[in-house]
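Summary of the model geometry
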Amino acid sequence: MVDQALLLLRIGVLALLYLFVWRIARTAIRDVRGSAESMILSPGHGFDALPKVEAPKPAGRLLVVASDVLPVGAAVVLDADEVLLGRDPSAAAMLEGDTFVSARHALVRARNGSPTVSDLGSTNGTFVNGERISAETALRPGDELSVGSTRMIYETGGKR
Amino acid sequence: MAAAAAGQRVSESRGLLALPARNRELGLIVLALAITTAGFAAVQLARAQEFASDPLIAAGLFAAAYLSAHIVMRAALPDADAYVLPITAVLTAIGLIEIYRISPQLARDQGVWILVGLALFIAVVVAFRNIRRLEELRYTCGALAVVLLLLTIGLGTEVNGARLWIRVAGLQIQPGEFAKILLVVFLAAYLRERREVLAAPVRQVLGIGIPALRHALPLLILSGLALVLLVAMNDLGTSLLFYVIALAMIYVATGRLLYVGAGLGLFALGAAAALQVAPQVQGRIDGWLNPWVDEQAQCCYQITQSIYTIADGGVLGAGFGRGLILNSSGDTIIPFAQTDFIFSVIANELGLVGVTAVILLYLLLAWRGFRIATTADDGFSKLLAAGLATAVAFQAFVIVGGILRLLPLTGLTLPFVSYGGSSVTANFAIAALLLCVSQRANRERA
């Protein structure tokens, strides 16, 4: 009688113990499938920093291959949603001194990593691969973009 | 701020009964109490061969204490983690049952310590409900940690070779258990301030960014301190525990493995050197590597008896009250089984299946701790939770590793399970702090 009771208690305790472990462990499975957060604090993270918005990857850059006003080999990095080309001081690619360029000449939209270029009603036009564009035109890697005397090749990647 | 205020309003309006996390906690505590009652009844039945009311009274007291802690949680930390408290309940219950198996007198003492521990748990929960208050006490905590460690080295009594205890008013206290928590609090506050300079490399050597030497100085001081502890306390486990906690927190602060690698390398070099000057450490190492040379010798008797005891348990164990734990005169076969070798006693009576469950419980506790660190939204809380989780998990690892001869044997206790007032109360304080961090993180998310 005592032996049976002891056997029962022993099995009961082990079963309850594993039931307990299982009830907690199954939430661990949910956790693993869920978010991939980290407890590592690296500089700029954590306490005082505001929730950091992940910096967008640059969509690429425009490498200058010929220009009267920009050094050859310079690059216009497409790291903003909209990159303005023109003589205007607010333009990201400032082409001051090139009389064939309008103040607000062309706009490169670099959203989602696939940039497009549109002419903003410039006097002398914007050219992609030698053809004057009239509508928003997609840029593919290797395409040549011409604004005034400046010719630039679009390439992906590039450091910010 | 707005989110916090909104969370506050929600938690006030939904009252004390409709708290999903707390209800889950209650369900698991009830399960833990069922384990406790069945275990006590089994040991008592095996001893007296008939049912008596004693174990029910003991289990009732245990239940009352845990349910009080749970009620305080409902009021003070409504959104905190649901699993930490029940896991501690099962661990303390298993420990208490096996201590009761060894000696009802020891179990009575341990029962009192569990009540004191839960009282401390409640006090910490109430006092540091706003965990940021603790950050203001960082220098107090750091100074107290150093004082406690110096006291241990200066006034400590040697038990079983290691100098980890001091005697105060008839009680044996293990100050290292409390110093550990205070050190984690201090390091969390310190590293939150300094992590940026620690993380930023100033020059490259072989493609690895090396931080400025003066910022690495605290790391060198810490490794020096750990080695002093090693020699002064004659205990590899304690010094390794303190050092690993610090390294883990530095890693969490900087995300740089370089510190971990360099730190462990430094410790290994230092420990090798310490072995040359401190022959008593060498004794521990010999007892670890080859205890069979002389089973009766002081170095090896404890560990060899423990191995026999574990082997005797087999896969399913001898059953509660049926294991070969005590000799004919009523003493434990393994000296100091209730503190150092409680794991072997569990292995004997519950077998491989039982100790696997215990190890799983530590794994779950560590996972909850690191999960809390992950969800915490400020640097201090993250570091604190990660440090405390490391402390419990690594301590369990070191002592179980020592018993299974993966590591040299140490004088550390198995958290929540081992007999001992310092260990039990300190671990309840750790659980309380983890839950305070968790409350803040979960409330911001709610």
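Cut-offs and rules
- Residues numbered from 1 in each chain as written.
- Chains lettered and ligands numbered in written order.
- Predicted model: local features only at pLDDT ≥ 70, side-chain atom pairs only at ≥ 80, totals over all residues.
- Heavy atoms only, no water.
- Helix = DSSP H or I, 4+ residues; strand = E, 2+ residues; numbered from the N terminus.
- Buried < 20%, exposed > 50% of the residue type's maximum accessible area, 1.4 Å probe, protein only.
- Contact = heavy atoms within 4.5 Å.
- Areas by Shrake-Rupley, 256 points an atom, 1.4 Å probe, with all protein chains shown as cover.
- pLDDT = per-residue confidence, 0-100.
- Buried area = accessible area lost by both parts, 1.4 Å probe.
- Salt bridge = Lys/Arg side-chain N within 4 Å of Asp/Glu carboxyl O.
- Polar contact = N/O pair within 3.5 Å; in protein donor to acceptor, adjacent residues only side chain to side chain.
- Disulfide = S-S within 2.5 Å.

Section: the overall build of chain A
Within chain A, the secondary structure is distributed over one helix and 11 strands. Reading the secondary structure of chain A in the N-to-C direction produces α-β-β-β-β-β-β-β-β-β-β-β. Within chain A, the fraction of its 160 residues that count as buried is 36%. Within chain A, contacts between residues separated by at least 24 positions form 39% of all contacts whose residues are at least 6 apart in sequence. Element-wise, carbon and sulfur atoms account for 54% of the exposed surface of chain A, whose accessible area totals about 9300 Å².

Some thoughts on the confidence of the model for chain B
Residue and element names in this part refer to chain B. Summary statistics for chain B give a mean pLDDT of 84 and a share of 87% for residues scoring 70 or more. The spread of mean pLDDT over the elements of chain B runs between helix α1 (residues 2-13), the lowest at 44, and helix α4 (residues 84-102), the highest at 95. Here residues 1-13 scores under 50 on pLDDT; set against residues more than four positions off or in separate chains, the count is seven contacts.

A word on the interface of chain A and chain B
Each partner contributes residues to the interface: chain A has 31 residues there, and chain B has 53 residues. Carbon and sulfur atoms make up 73% of the surface buried where chain A meets chain B, a total of about 3800 Å² over both sides. In this assembly, chain A and chain B are joined by one salt bridge. Measuring nitrogen to oxygen at the nearest pair gives 3.0 Å for the salt bridge that ties Arg322 of chain B to Asp3 of chain A. Across the contact surface, chain A and chain B share five residue pairs in polar contact (both at pLDDT 80 or more).

Concerning the state of the cysteines
According to the stated counting rule, one finds zero disulfides over all chains in the structure shown. No disulfide involves Cys141 of chain B; its sulfur sits 13 Å from the nearest other cysteine sulfur, which is in Cys436 of chain B.

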